Amino acid sequence: MLGLDHGAWFLLLPALIPILVLSVGPLLYAVSLAFTDAQAGRTVRTDFIGVDNFADLRLDSLFWESFRIGLVWAVSVTALQLLLALGLALLLDQNLRFRWLARTLALVPWAMPEVVVGVMWRLVYHQDAGILNKTLRQLGLLGEGSGNIDWLTNLSLALPAVILVGVWAGMPQTTVVLLAGLQNVPRELTEAAQLDGCGVWRRFATVTWPALKPVALAITALNFIWNFNSFGLVYVLTQGGPGGQTRLPMLFAYEEAFTYGQFGYAAAMGVVMMAVVAVFLTVFLRKRLKDSEEGPA
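Reading the values: the criteria
- Residues numbered from 1 in each chain as written.
- Predicted model: local features only at pLDDT ≥ 70, side-chain atom pairs only at ≥ 80, totals over all residues.
- Heavy atoms only, no water.
- Helix = DSSP H or I, 4+ residues; strand = E, 2+ residues; numbered from the N terminus.
- Buried < 20%, exposed > 50% of the residue type's maximum accessible area, 1.4 Å probe, protein only.
- Phe/Tyr/Trp six-rings, centres within 6.5 Å; stacked < 30°, edge-to-face > 60°.
- Core = buried A, V, L, I, M, F, W, Y, C linked by side-chain atoms within 4.5 Å.
- Contact = heavy atoms within 4.5 Å.
- Salt bridge = Lys/Arg side-chain N within 4 Å of Asp/Glu carboxyl O.
- Patch = residues over 30% accessible without salt bridge, like charges linked within 9 Å, V, L, I, M, F, W, Y side chains within 5 Å.
- Areas by Shrake-Rupley, 256 points an atom, 1.4 Å probe, with all protein chains shown as cover.
- Polar contact = N/O pair within 3.5 Å; in protein donor to acceptor, adjacent residues only side chain to side chain.
- 1 Å grid on protein atoms, 1.4 Å probe; cavity = no way out; pocket = protein on both sides within 12 Å on 5 of 7 lines; lining within 4 Å.
- Points joined across faces, edges and corners; volume = space filled by probe spheres on them.
- Nonpolar A, V, L, I, M, F, W, Y, C, P; charged D, E, K, R; others polar.

### Section: the overall build of the protein
Within the protein one finds 13 helices and 0 strands. If you list the helices and strands of the protein from N to C, you get α-α-α-α-α-α-α-α-α-α-α-α-α. Overall, the C-alpha framework of the protein stretches about 75 × 75 × 35 Å when taken along its three principal axes. Per-residue burial for the protein yields a buried fraction of 34% across its 297 residues.

Spelled out as structure tokens, the structure:
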């Protein structure tokens, strides 16, 4: 089977068993749960109801609003992560003094758990004691007569404020991947372009970016999936508020399951989100395969 003998399969078991038990098993259970009316409670009867959950979900305006917010969050965070991480990676790739220290500091947000990041930024955004409002007032950007800004409870500012935290927390991993990709850019091509009189932007567009593009596309796809499925960071920061302005789809599903006890309905939400990610991956992989086939030609 698949060209592997029994001995090879035996050696693969230690890696396959945790995947089957911790990933594939719960996934299949969640999919099956989406076709039932499962609710919280040991004595509550669970019946198969077909696609009723999906039919109800199609008319659930609150879920689709959270879906829209999730797309805005995922696209914004992913795009900003790529742009800022690319600039930081290009900077850290230069032969600068104390470059090792700068590279180490750039990884600090990555080493912090999401809960710690959320609590820390809640203190930064705090209306009265937060360092952000204090800094803005010292810079004269907040007038003496105006009150402090309540970043996380303001209907128009909450989502941008949360997006900023998401970018800060996820940028290090993108920076590391892009920095590793920069190490594979042929130095002789860069030096040749420099000798030909190409400026910084021209060298980047003709030499650096073509070599870095496959790595950038791969990490961008992964970042989009991770960001679209975000939960912990936004939950700690706002719990979906104010007024649902930061309620991502995963938060909505969590509330349906563990606040209202609608396990079947929440599972249907999870299946829809999984389908969106699957479609995105399919489109991305087809494009990557097409590009790789056209590349040698």
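### Notes on the packing of aromatic side chains
In this structure the tally under the stated criterion is 17 aromatic pairs. Relative to W168, the ring of W121 has its centre 5.7 Å away and its plane inclined at 65 degrees; by these criteria the two rings are edge-to-face. Here W121 is found in helix α6 (residues 114–125), whereas its partner W168 is found in helix α8 (residues 158–182), with 47 residues between them in sequence. W168 sits in the partly exposed class, given a relative accessible area of 28%. Among the aromatic residues, those joined into a ring-pair cluster are F63, W64, F67, F224, F228, F252 and F280.

### Section: the nonpolar core
If you look at the biggest cluster of nonpolar residues, it comprises 36 residues, and the most contacted ones within it are F63, W73, W121, Y125, V165, L237 and M269. Among the secondary structure elements, those contributing two or more residues to this core are α3 (61–92), α6, α8, α10 (200–228), α11 (232–237), α12 (249–258) and α13 (263–294). With residues near it in sequence (within four places) discarded, F63 still touches L57, F252, M269 and V272. Core analysis: the next-biggest nonpolar cluster, separate from the first, contains 16 residues, A89, F204, A216 and I219 among them.

### Considering the environment of P214
Here P214 lies in helix α10. P214 gets classed as partly exposed once you look at its relative accessible area, which sits at 36%. For the pair P214 and R288, spaced 74 residues apart in sequence, the C-alpha to C-alpha distance is 8.4 Å.

### Notes on α12
Each α-helix turn comprises 3.6 residues. Residues three or four places apart therefore point the same way. Counted residue by residue, α12 has 7 buried out of 10 residues, so it is predominantly covered. Residues of α12 that are buried include every one of P249, L251, F252, A253, E255, E256 and A257, and no others.

### Let's talk about the pattern of salt bridges
A complete count under the given rule lists 3 salt bridges for this structure. One salt bridge connects R45 with D47, and the closest N-O pair in it is separated by 2.8 Å. With relative accessibility at 67%, the residue R45 sits in the exposed group.

### A few points about a nonpolar patch on the surface
A cluster of nonpolar side chains, namely F10, L11, L13, I17, I19, L20, V21, L22, V24 and L28, defines an oily patch on the protein surface of about 1,000 Å² accessible area. For I17, the position within the fold is in helix α1 (residues 6–33).

### Some remarks on the side chain of N227
Relative to the helices and strands, N227 is located in helix α10. With relative accessibility at 9%, the residue N227 sits in the buried group. At a separation of 2.9 Å, a polar atom in the side chain of N227 contacts the side chain of T78. Leaving out residues up to four positions away in the same chain, N227 has contacts with W73, A74, V77, T78 and Q81.

### What to know about the layout of surface pockets
Here the largest pocket is characterised by a volume of approximately 420 Å³. Mapped onto the lining of the largest pocket, the elements with two or more residues apiece are α1, α12 and α13. When grouped by side-chain class, the residues that make up the lining of the largest pocket number 16 nonpolar, 2 polar and no charged.

### Points about the environment of N133
Looking at where N133 falls in the secondary structure, it is placed in helix α7 (residues 131–138). Assessed through its relative accessible area of 2%, N133 is described here as buried. A sequence separation of 16 residues divides N133 from I149, and the C-alpha atoms of the two residues are 6.7 Å apart. Of the polar contacts made by the side chain of N133, one reaches the backbone oxygen of Q127; its length is 3.1 Å.

### Describing unusual backbone geometry
Cis rather than trans, the peptide bond between G241 and P242 has omega equal to -5 degrees. Inspection of the secondary structure assignment puts P242 in the loop between α11 and α12. Residue Q239 is not a glycine yet carries a positive backbone phi of 55 degrees. Mapped onto the secondary structure, Q239 falls in the loop between α11 and α12.

### Some words on the environment of G181
Relative to the helices and strands, G181 is located in helix α8. Taking the relative accessible area as the measure of exposure, G181 reaches 5% and is therefore buried. A sequence separation of 160 residues divides G181 from V21, and the C-alpha atoms of the two residues are 34 Å apart. Ignoring anything within four residues of it in the chain, the contact list for G181 reads L212 and V215.

Any link to function would need more than the numbers given here.
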